[in-house]
There are 2 protein chains.
Amino acid sequence: MISSNPVRGARDILPGEMLIRDTLEQKILSIYRQHGFSRIETPALENIDLLLGSEGGENLKMLFTILKRGDKLKISEDSTTKDLCDMGLRFDLTLPLSRFYANNAQTLELPFKAIQIGNVFRAERPQKGRFRSFKQCDIDIIGDPTVSAEMELISTTAKALLAIGFEDFTIKVNDRKLLNAFIKKAGFAEADIPSICISLDKADKIGPEGVAKELVDKGYDEAMVAAFVREAEDISLDNIGDKVDEPEAVADLKRVIETSQTLAEGRYKVVFDFSLIRGMGYYTGQIFEVSYGPYGFSIAGGGRYDNMIGKYAKTSVPAVGFSIGFERIVTILMEEQAGKKASSESIVLFYDAAGDDMAQVIRFADTLRDQGKTVNLTAMKKKFGKQIGYYADKDYDGFMVFGRDEAIKSFD
Amino acid sequence: MISSNPVRGARDILPGEMLIRDTLEQKILSIYRQHGFSRIETPALENIDLLLGSEGGENLKMLFTILKRGDKLKISEDSTTKDLCDMGLRFDLTLPLSRFYANNAQTLELPFKAIQIGNVFRAERPQKGRFRSFKQCDIDIIGDPTVSAEMELISTTAKALLAIGFEDFTIKVNDRKLLNAFIKKAGFAEADIPSICISLDKADKIGPEGVAKELVDKGYDEAMVAAFVREAEDISLDNIGDKVDEPEAVADLKRVIETSQTLAEGRYKVVFDFSLIRGMGYYTGQIFEVSYGPYGFSIAGGGRYDNMIGKYAKTSVPAVGFSIGFERIVTILMEEQAGKKASSESIVLFYDAAGDDMAQVIRFADTLRDQGKTVNLTAMKKKFGKQIGYYADKDYDGFMVFGRDEAIKSFD
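This write-up is about the structure you can find in this document. (Residues numbered from 1 in each chain as written. Chains lettered and ligands numbered in written order. Predicted model: local features only at pLDDT ≥ 70, side-chain atom pairs only at ≥ 80, totals over all residues. Heavy atoms only, no water.)

We now examine the overall build of chain A. Helix and strand counts for chain A stand at 14 helices and 14 strands. Counting only C-alpha atoms and orienting by the principal axes, one finds that chain A spans roughly 85 × 60 × 45 Å. In chain A, which comprises 412 residues, the proportion classed as buried is 56%. Residue pairs at least 24 apart in sequence account for 67% of intrachain contacts in chain A once pairs closer than 6 positions are excluded. If you sum the accessible surface of chain A, you get close to 17,900 Å²; carbon and sulfur atoms cover 48% of it. Each charge class in chain A was averaged separately, 54 positive and 63 negative side chains, and the resulting centres sit 5 Å apart. (Helix = DSSP H or I, 4+ residues; strand = E, 2+ residues; numbered from the N terminus. Buried < 20%, exposed > 50% of the residue type's maximum accessible area, 1.4 Å probe, protein only. Contact = heavy atoms within 4.5 Å. Areas by Shrake-Rupley, 256 points an atom, 1.4 Å probe, with all protein chains shown as cover. Lys, Arg positive; Asp, Glu negative; His and termini not counted. Charge placed at Lys NZ, Arg CZ, Asp CG, Glu CD.)

Here you go:
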């Protein structure tokens, strides 16, 4: 017998979770649309050259690639992935959006505000709560070089999170330009910035001492590292202007944080966090991340990537995006809202498969549906008591037996 | 510069079409749910053994397969797809549903009524209107051996089509059991049935004479073929009982067609069509297809497949499904409804990026959104007249300039 398991690292989604997912997705999409964003869609498959030529960082090691077909497939023992494969599954929605914009620029006015909701694929080592196929909800503003775009994205993402029931989350903001300037000023070489950032990014888990140890292990001078880590910990929105010579970026950062705090009206926090790094190599300006409650993972993240679209389009176009990690919010809301039930009245209508006229049964169900009810039509089984027990556990409001009951009966 | 084209045979979906697609999908999903069906989701990727071991017919020649990764990939010159690949992209939603049911049977009561909406992938030769990645909307009833399931699926699918604006479509019904019995009675061998069906399936395009010619070319006796084709053309619901010895199947077919006609109340047609074949090898009973207007393609199709789930589950479980071809209904509705606009009021709110306070601008936009409006926030450009022209063409109801206009202005 062939295995009925889903592929490794992926999973089947059952009806109860699916209803929650659909409700969340619709609420988020509706907020995004109301804020003037337009949904687009790109194929899950992209050309292998596009994927491998991107600044996807670690994600490029986790590509799912598609074998060439027919005569195009030529196998020899030293064939590489690029020889054998012509496409791959997308690992995020930002790279496809950049390609999309370049491909359709002639029909789109700038700024172009895009919504993307879809699955991305990464061949990660499967572990609890991490899947190889997962959904992201992204909004991006293409063509606005000013931080008005950052403010709009932060406000819109916050309103989507509020709309689905999150309160008291924290939006952390930082700027790659300030990070880069600070690292260089501490005495590190420009080329070493990515490696320094990888170490800094671990501060959450290994603490500043751990970061310092790792940098020393990487071969940097111990005194320089100690001063760098100490000073990084000390940085605040008030003193950052004295530590780096980036007056415009500092002023923009302050404007974004102050404006966003004003708009938050106390429902969520917006803070400067100089330890926020984010992994992607393509960020060029402000970066953001949303943390919530006791959960050790972020529920949303994003940033400015002004140099990506220029790789595919004739001219360089600034862009900034914010992505909600859909699987993570589903996990949290399923834990917090367990037991809540759907709003419209739903019943099971039992009928006698041997005796009843199906045209009459379906027509009667339709009159109930016309009243707004959800009606699940089901033939009675011999063990009717046991059958009823199953539906009593499944969030139905009641049941009827066709031709016998005049009113909806309760399961109680 | 890297190409910005989507992969061959796939396409980018622009905002206007995406809004129509989302509206259609929501309406279909809502009808399905109201009829007691529950949505589930399976991964787009399935194990290669499952895909290659299925009765997918022609679809198996169009598989997209995923290269193994890391140490598991061992290349030699005589490597087969199965050696090189461990997964593939699903080519339909029926096979994944059968696997899903087998994998989750212990938590699901029979009958289980499933909704699946998702993309499937086939490496077809790209041609106009045919894509390598496309969406299907399926409902299936698992665990009901009676034709009540057929009646429910036909009625529910028809109501979904009516809800999205289709009228006067035709639902054709046939039964594989009757087809098989008729073919055998005409003198063909049981093993030849699939090949005869492939020829019969072309009657739409090549006519009965073409079918006869093809069968003779395949080596069958000319007189036998002529009698067979003539008699097949003659078959009706009234005389089918005399032509084959399948009294139960004939009675079931009549019940399904009569009940469905009663429920249709003249809004659509339900007819017996003995020339309806459908390609899949896995059908075991009644099969259906929906045709509409002058379009040469069907907009929905399905049938009973009682033997598939038993390949993955411990026991055999009957099943029947009906699938709406989402891309085809989008194509038709975009042609028919071109120019219709969205229902809620939507405006563009222009602001001065240099002078306005973004907190005030966003807050003002939010008060309009609280009134139910869709507000697209946009910085004024130097060529404001030209900029307004773009939005005037885009279905917005009007615009405002922040701090200047008190009421919404019309583009006219």
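Residue and element names in this part refer to chain B. By the criterion of burial, strand 9 (residues 286-291) is predominantly enclosed, with 5 of the 6 residues buried. Alignment of strand 7 (residues 170-175) against strand 9, held across 6 bridges, turns out to be antiparallel. Bridging across to strand 9, D175 finds its partner in Q286. In terms of strand pairing, strand 9 meets strand 10 (residues 298-304) through 5 bridges, oriented antiparallel. The residue bridging V290 from the neighbouring strand is A300, located in strand 10. (Pairing = 2+ DSSP bridges.)

A few words now on the environment of B:Y283. Residue and element names in this part refer to chain B. Mapped onto the fold, Y283 is located in the loop between strand 8 (269-272) and strand 9. We classify Y283 as buried; its relative accessible area is 10%. Sequence separation between Y283 and I117 is 166 residues, and the spatial gap between their C-alpha atoms is 21 Å. Excluding its chain neighbours within four sequence positions, the residues that come into contact with Y283 are R176, R278, G302, G303 and R304. Here R278 takes part through its side chain, which lies 3.5 Å from a polar atom of the side chain of Y283. (Polar contact = N/O pair within 3.5 Å; in protein donor to acceptor, adjacent residues only side chain to side chain.)

Screw-axis analysis of chain A against chain B gives a translation of 0.0 Å along the axis, an RMSD of 0.0 Å, and a rotation angle of 180°. On this basis, the relationship between the two copies can be described by a two-fold rotation axis. Residue A:I66 of chain A places its C-alpha closer to the rotation axis than any other residue of that unit, at 2.3 Å. When you check the interface residues of chain A against chain B, 100% turn up at the interface there too, and the contact is symmetric in its surfaces. (Least-squares fit on C-alpha atoms with pLDDT ≥ 70 in both.)

As a further point, take helix 12 (residues 326-336) of chain B. Among the residues of helix 12 of chain B, B:F326, B:E327, B:I329, B:V330, B:I332 and B:L333 are the ones counted as buried. Against the buried residues of helix 12 of chain B lie helix 1 (15-34), strand 6 (133-142), helix 5 (148-163), strand 10 and strand 11 (319-325) of chain B.

The next thing to look at is the interface of chain A and chain B. Note: interface size is frequently given as the accessible area lost on complex formation between the parts. Facing the 100 residues of chain A at the interface are 101 residues of chain B. Between chain A and chain B, the buried area comes to about 8,700 Å², and carbon and sulfur atoms account for 57% of it. Taken together, the links from chain A to chain B amount to 12 salt bridges. Inspection of the chain A/chain B interface yields 41 residue pairs in polar contact (both at pLDDT 80 or more). For the side of chain A that touches chain B, a count of residues per class yields 45 nonpolar, 27 polar and 28 charged. (Buried area = accessible area lost by both parts, 1.4 Å probe. Salt bridge = Lys/Arg side-chain N within 4 Å of Asp/Glu carboxyl O. Nonpolar A, V, L, I, M, F, W, Y, C, P; charged D, E, K, R; others polar.)

Moving on, we get to the sheet that holds strand 8 (residues 269-272) of chain A. Residue and element names in this part refer to chain A. Strand order in the open sheet formed by 8 strands is 1-5-6-11-10-9-7-8, and the pairing between neighbours is mixed. Two strands in the sheet have a free side with no partner beyond their single neighbour: strand 1 (38-39) and strand 8. One ladder, built from 4 bridges, connects strand 7 (residues 170-175) with strand 8; its direction is parallel. Paired with K172 across the two strands is V271, which belongs to strand 8. Contacts between helix 6 (residues 176-185) and the sheet are confined to strand 7 and strand 9 (286-291), with strand 7 contributing the most and set at about 50° to the helix. (Axes fitted to C-alpha atoms, helices over the stretch in contact; angles between N-to-C directions.)

A few words now on the sheet that holds strand 8 of chain B. Residues and elements named next belong to chain B. In spatial order, the strands read 1-5-6-11-10-9-7-8; together these 8 strands make up an open sheet with mixed pairing. The open sheet terminates on both sides in strands that have one partner only, identified here as strand 1 (38-39) and strand 8. Where strand 5 (residues 112-121) meets strand 6, 10 bridges bridge the pair, whose relative direction is antiparallel. Its bridge partner lying in strand 6, K113 is registered against I141. Against the sheet, helix 4 (residues 94-104) engages strand 5 and strand 6, with an angle of about 45° to strand 6.

A separate point is the packing of aromatic side chains. Residues and elements named next belong to chain B. Throughout the structure, instances matching the rule amount to 40 aromatic pairs over all chains. Geometrically, the ring pair formed by F399 and F411 is tilted, given 5.1 Å between the ring centres and 35° between the ring planes. Within this pair, whereas F399 is found in strand 14 (residues 398-401), its partner F411 is found in the segment after strand 14, the two being separated by 12 residues in sequence. Judged by its relative accessible area of 8%, F399 is buried. Since its relative accessible area comes to 18%, F411 is described here as buried. The side chain of R11 reaches across the aromatic face of F131, ending 5.0 Å from its centre. (Phe/Tyr/Trp six-rings, centres within 6.5 Å; stacked < 30°, edge-to-face > 60°. Lys NZ or Arg CZ within 6 Å of the ring centre and 35° of its normal.)

All names here are of chain A. Throughout the structure, instances matching the rule amount to 56 salt bridges over all chains. Ionic pairing is found between E327 and R21, a salt bridge with its closest N-O pair at 2.9 Å. Of this pair, E327 sits in helix 12 (residues 326-336) while R21 sits in helix 1 (residues 15-34), and the two are 306 residues apart along the sequence. Across this residue pair, the class does not change: E327 and R21 are buried. Among the ionic pairs, K135 bridges to E25, the shortest N-O distance being 2.6 Å. Taken as a pair, K135 in strand 6 (residues 133-142) and E25 in helix 1 lie far apart in primary sequence, 110 residues in all. The network of salt bridges with common partners includes R11, E17, R21 and E327.

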